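Secondary and tertiary structure notes
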Amino acid sequence: MGVNGAVLAIDAGNSKTDVALVGADGSVLATARGGGFQPPYVGVEPAVDVLGEAVERVLAAAGADPGSVAHVSACLANADLPVEEERLTAALAARGWGRTVEVRNDTFAILRAGVDEPRGVAVVCGAGINCVGMVPDGRTARFPAIGRISGDWGGGSGLSEEAMWFAARAEDGRGEPTALARTLPAHFGLDSMYALIEALHLGRIEGERRHELAPVLFATSADGDPVARSLVDRLGEEVVALASVALTRLGLLDEEVPVLLGGSVLAARHPQLDERIGELLAARAPKAVVRVVRESPVLGAGLLGLDRTGAAPEVHARLRAQYA
């Protein structure tokens, strides 16, 4: 099968990788799923090996030779800084999967999947929080999104830590009372914050399970707890702060433009959070159109690739239709 002009689309998150080979006409020739992409923990080359396993399956399924692909469009987790994108671009180019390679942070895939043209802003809140924006002339807006050292607040992990902090202080008397002191340990079948702290510290509860506390925080907020409600409101403020700054940088603050929300926390559509975001964004960017992204991020990687190759609008439309 000829694949000249094809785009190899890669969306790689911390937990999984999706790869699609997109023909020059916008048809999806083959797809595959692989493991998570975590260069900070395993190193760049081993992380790219994980991508390679899925890429090889896609190329084999399409009957394509390595290097016959026109362009590789890779949207990768942990590509948070331009220097990291450059290193990863070089690493992918060395594999010879396509004649040209472009690496972007994976948040760009979510944004592009949700818009018909590369114009808008996306805020993603899953384990962490990030925001990117783009316009058709190629300008982008972005943040380092490395954590507290880059000024970030929020995300499922951050919310869980904040909830734990308030709950621990409520129980021992250093802080104001909050139902979180009861609901957080109860999630794990425990009767006190002390028991939860001990279980996490000694490894009886795996540290990765802390993210399970974010939904508990939202449920406690919905029941009217003032401390929990204040944390949910603050997350809404952070989402709007990110979106507003990105819109301002791109000169879109006063224009009708999509502001897309993605990631597990925002996709859950918590009423209090949705209301807070809508209220604050209406004041800061009254023409912004807010919606939650439901489309697959690998679609966004593919559309970015078609943008790069100069594909016609009908080619973009054919690809999008296959992910409807």
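In case you missed it, the structure is sitting above this.
Residues numbered from 1 in each chain as written. Predicted model: local features only at pLDDT ≥ 70, side-chain atom pairs only at ≥ 80, totals over all residues. Heavy atoms only, no water.

What follows concerns the overall build of the chain. Of the regular secondary structure elements, the chain holds 13 helices and ten strands. Rg of the C-alpha trace for the chain: 21 Å, near the compact-globule value of 20 Å for 324 residues, within the 12% margin. For the chain, the spread of C-alpha atoms along the three principal axes comes to 70 × 45 × 35 Å. The buried share of the chain, taken over its 324 residues, is 51%. Expressed as a percentage of contacts within the chain between residues at least 6 apart in sequence, the contacts between residues at least 24 apart total 66%. (Helix = DSSP H or I, 4+ residues; strand = E, 2+ residues; numbered from the N terminus. Rg over C-alpha atoms; globule rule 2.2 N^0.38 Å. Buried < 20%, exposed > 50% of the residue type's maximum accessible area, 1.4 Å probe, protein only. Contact = heavy atoms within 4.5 Å.)

Take the environment of serine 68 next. As for its position among the elements, serine 68 is in the loop between helix H2 (44–62) and strand E4 (69–76). What makes serine 68 buried here is its relative accessible area of 15%. Between the C-alpha atoms of serine 68 and arginine 99, which are 31 residues apart in sequence, the distance is 7.5 Å. Looking at serine 68, its side chain comes within polar contact range of the main-chain oxygen of aspartate 65, at 2.6 Å. (Polar contact = N/O pair within 3.5 Å; in protein donor to acceptor, adjacent residues only side chain to side chain.)

Attention now goes to the sheet that holds strand E10 (residues 289–292). What the five strands build is an open sheet, ordered E8-E7-E6-E9-E10; its pairing is mixed. Each edge of the open sheet is held by one strand with a lone partner, namely strand E8 (140–142) and E10. Taken over all neighbouring pairs, the strand axes of this sheet differ in orientation by 15 degrees on average, direction set aside. Pairing between strand E6 (residues 120–125) and strand E9 (residues 258–262): four bridges, direction parallel. Paired with valine 124 across the strands is glycine 262, a residue of E9. (Pairing = 2+ DSSP bridges. Axes fitted to C-alpha atoms, helices over the stretch in contact; angles between N-to-C directions.)

Regular strands have side chains that alternate between both faces of the sheet. By the criterion of burial, strand E2 (residues 17–22) is predominantly enclosed, with six of the six residues buried. Burial of E2 is two-sided: the residues Thr17, Val19 and Leu21 facing one way and the residues Asp18, Ala20 and Val22 facing the other way are all buried. Inspection of the sheet shows strand E1 (residues 7–12) paired to E2 by six bridges, in the antiparallel sense. Across the sheet, residue valine 7 finds its bridge partner in E2, namely valine 22. Counting the residues that bridge the hairpin from E1 to E2 gives four residues. Where E2 folds back on strand E3 (residues 28–34), the antiparallel hairpin that results is connected by five residues, among which glycine 26 adopts a positive phi of roughly 95 degrees.

In the structure shown here, the tally under the stated rule is 19 salt bridges. A salt bridge links glutamate 85 to arginine 142; its shortest N-O distance comes to 2.9 Å. Remark: arginine 142 occurs in strand E8 and glutamate 85 occurs in helix H3 (residues 82–93); sequence separation between them is 57 residues. A relative accessible area of 12% places glutamate 85 in the buried class. (Salt bridge = Lys/Arg side-chain N within 4 Å of Asp/Glu carboxyl O.)

Axis separation between helix H12 (residues 297–309) and helix H13 (residues 313–321) bottoms out at 10 Å; the angle between their running directions is 170 degrees. The angle between H12 and H13 falls in the class roughly antiparallel. For the pair formed by H12 and H13, the contact residues are Leu299, Gly302, Leu303, Leu306 and Asp307 on the first element and Val315, His316, Leu319 and Arg320 on the second. Its residues assigned to classes, the contact of H12 with H13 comprises five nonpolar, two polar and two charged. (Parallel < 35°, antiparallel > 145°, perpendicular 65-115°, else oblique. Nonpolar A, V, L, I, M, F, W, Y, C, P; charged D, E, K, R; others polar.)

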